[in-house]
Amino acid sequence: MKKGSRQLQAEQTKQRIFETALKLFEKKGFDQVTVDEIVQKSNSSKGAFYNHFDSKYGIFLEKFTEIDTFYEEFIQTIPEEVALKEKILKLFQGQMQYLEHEMGKDLMRSVYTNGLIESENHYFTNTDRSVYKILNDFINVAVERGELMPEVNIEQLSMMIARCMRGNLYDWIAFGKGFDLQEESKQFIDLFMEGILKKYSPEAYD
């Protein structure tokens with residue numbers, strides 16, 4: 001069905017607001033940008049802004065839907081037969097590269113700053129997101145193949161791996177230029193997964 005001119009105009013307005021806000025967040029920091037400024041810089045109106053976004057934080061949520069899309073597309077490049085540890089390493093590598101080069105440190109700093117604010121609909125704790133579903137699937141397959149013991153708590157292990165992801169990103173932001181996100185993440189998750197396999201592999205209980 002062909003879109004009408006009003007619908008196209010609304011989509012263009014939303015995209016203009018979205019891109020303007022992200023540029024302002026990256027340049028000035030999330031807390032230093034107001035809705036009024038976003039509206040002014042994007043040549044739109046407050047009505048248009050709130051028609052598309054509930055708040056400034058809604059801009060972040062919109063951006064992070066792109067990350068979930070990235071996860072869903074990226075796992076298609078990981079062969080099904082690959083072992084759990086290698087799958088997690090590849091997912092980490094792809095994620096860190098995407099966030100470093102597509103999101104950038106300034107924007108991620110704003111995301112983490114606002115992530116400290118408690119919310120019922122918090123992005124980081126939303127276990128319905130693609131990354132948690134992917135991790136659950138990876139671990140479930142590993143259990144079915146006998147890489148991990150059947151008694152492993154799949155949801156808990158997924159949460160721990162996701163916590164490793166957040167921790168590496170936090171250190172990347174906190175430690176500055178001397179922190180190599182790709183290399184540090186690879187070393188960290190390699191050691192972490194070695195510990196997981198040692199603790200939960202069936203051979204550990206033979």
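Residues numbered from 1 in each chain as written. Predicted model: local features only at pLDDT ≥ 70, side-chain atom pairs only at ≥ 80, totals over all residues. Heavy atoms only, no water.

Peer 1: Would you mind showing me how to read the overall build of the chain here?
Peer 2: Scanning the chain from terminus to terminus reveals 9 helices and 0 strands. Counting from the amino terminus, the chain carries its helices and strands in the arrangement α-α-α-α-α-α-α-α-α. For the chain, buried positions account for 44% of its 206 residues. Within the chain, contacts between residues separated by at least 24 positions form 69% of all contacts whose residues are at least 6 apart in sequence. Looking at the chain as shown, the accessible area adds up to about 12,200 Å², and 48% of this sits on carbon and sulfur atoms. Here the chain contributes 26 positively and 34 negatively charged side chains, and the mean placements of these two sets differ by 8 Å. (Helix = DSSP H or I, 4+ residues; strand = E, 2+ residues; numbered from the N terminus. Buried < 20%, exposed > 50% of the residue type's maximum accessible area, 1.4 Å probe, protein only. Contact = heavy atoms within 4.5 Å. Areas by Shrake-Rupley, 256 points an atom, 1.4 Å probe, with all protein chains shown as cover. Lys, Arg positive; Asp, Glu negative; His and termini not counted. Charge placed at Lys NZ, Arg CZ, Asp CG, Glu CD.)

Peer 1: Would you mind going over the side chain of Thr13 with me for this structure?
Peer 2: Looking at where Thr13 falls in the secondary structure, it is placed in helix 1 (residues 5-28). Residue class for Thr13 comes out buried when judged on its relative accessible area of 13%. Non-local contacts of Thr13, meaning those with residues more than four positions away in its chain, are made with Ser44 and Ala48.

Peer 1: For this particular structure, what's the right way to read the packing of helix 8 (residues 154-175) against helix 9 (residues 181-200)?
Peer 2: In a packed pair of helices, the relevant descriptors are the angle between the two axes and the axis-to-axis distance. Helix 9 packs onto helix 8 with a crossing angle of 155 degrees between their chain directions and a minimal axis gap of 10 Å. When the axis of helix 8 is compared with that of helix 9, the two are roughly antiparallel. Remark: the crossing between helix 8 and helix 9 carries right-handed chirality. Residues Leu157, Met160, Ile161, Cys164, Asn168, Leu169 and Trp172 of helix 8 touch helix 9, and the partners they reach there are Leu181, Glu184, Ser185, Phe188, Ile189, Phe192, Met193 and Ile196. Taken together, the residues of the contact of helix 8 with helix 9 sort by class into 12 nonpolar, 2 polar and 1 charged. (Axes fitted to C-alpha atoms, helices over the stretch in contact; angles between N-to-C directions. Parallel < 35°, antiparallel > 145°, perpendicular 65-115°, else oblique. Left-handed = near helix turned anticlockwise from the far one by under 90°. Nonpolar A, V, L, I, M, F, W, Y, C, P; charged D, E, K, R; others polar.)

Peer 1: Just checking my understanding: could you explain the environment of Leu24 for this structure?
Peer 2: Position of Leu24 relative to the elements: it lies in helix 1. The buried category is assigned to Leu24, whose relative accessible area is 9%. In this structure, the C-alpha to C-alpha distance between Leu24 and Gln40, residues 16 residues apart in sequence, is 12 Å.

Peer 1: Quick question: what am I supposed to make of unusual backbone geometry here?
Peer 2: A negative phi angle characterises most non-glycine residues, just as the trans form characterises most peptide bonds. The backbone phi angle of Asn43 is positive, close to 55 degrees, even though this residue is not glycine. Residue class for Asn43 comes out exposed when judged on its relative accessible area of 64%.

Peer 1: For this particular structure, what's the right way to read the side chain of Ser42?
Peer 2: Tracing the backbone shows Ser42 in the loop between helix 2 (35-41) and helix 3 (46-52). For Ser42, a relative accessible area of 1% puts it in the buried group. Among the polar contacts listed, one links the side chain of Ser42 to the backbone oxygen of Ile38, at a separation of 2.7 Å. Residues in contact with Ser42, not counting those within four places in the same chain, are Arg16, Ile17 and Thr20. (Polar contact = N/O pair within 3.5 Å; in protein donor to acceptor, adjacent residues only side chain to side chain.)

Peer 1: Would you take a moment to explain the pattern of salt bridges for this structure?
Peer 2: In a structure, side chains of opposite charge can pair up when their charged atoms sit close to one another. Under the counting rule described, the total for this entry stands at 10 salt bridges. Between Glu37 and Lys28 there is a salt bridge, with the nearest N and O atoms lying 2.8 Å from each other. Assessed through its relative accessible area of 15%, Glu37 is described here as buried. Each of the salt bridges in this network shares a partner with another, and the network as a whole consists of Glu80, Lys87, Arg145 and Glu147. (Salt bridge = Lys/Arg side-chain N within 4 Å of Asp/Glu carboxyl O.)

Peer 1: Got a minute to help me understand the packing of aromatic side chains in this structure?
Peer 2: What describes a pair of aromatic rings is the distance from one ring centre to the other and the angle between the planes of the rings. Tallying each qualifying case throughout the model produces 6 aromatic pairs. In this structure an aromatic cluster arises from ring pairing among Phe70, Tyr71, Phe74 and Tyr98. The ring of Tyr200 carries Lys199 above its face, with NZ or CZ at 5.5 Å from the centroid. (Phe/Tyr/Trp six-rings, centres within 6.5 Å; stacked < 30°, edge-to-face > 60°. Lys NZ or Arg CZ within 6 Å of the ring centre and 35° of its normal.)

Peer 1: What's the story with helix 7 (residues 130-145) in this structure? I'm lost.
Peer 2: Owing to its 3.6 residues per turn, the α-helix aligns residues three or four sequence positions apart on the same side. Taking 1.5 Å per residue as the helical rise, helix 7 with its 16 residues ought to reach 22 Å, and the 23 Å between its terminal C-alpha atoms agrees with that figure. Of the residues making up helix 7, those classed as buried are Ser130, Val131, Tyr132, Ile134, Leu135, Phe138, Ile139, Val141, Ala142 and Val143. Taken together, the buried residues of helix 7 touch helix 4 (56-74), helix 5 (84-103) and helix 8. (Expected span 1.5 Å × (residues − 1).)

Honestly, that's just the spatial picture; any functional story needs more than this.
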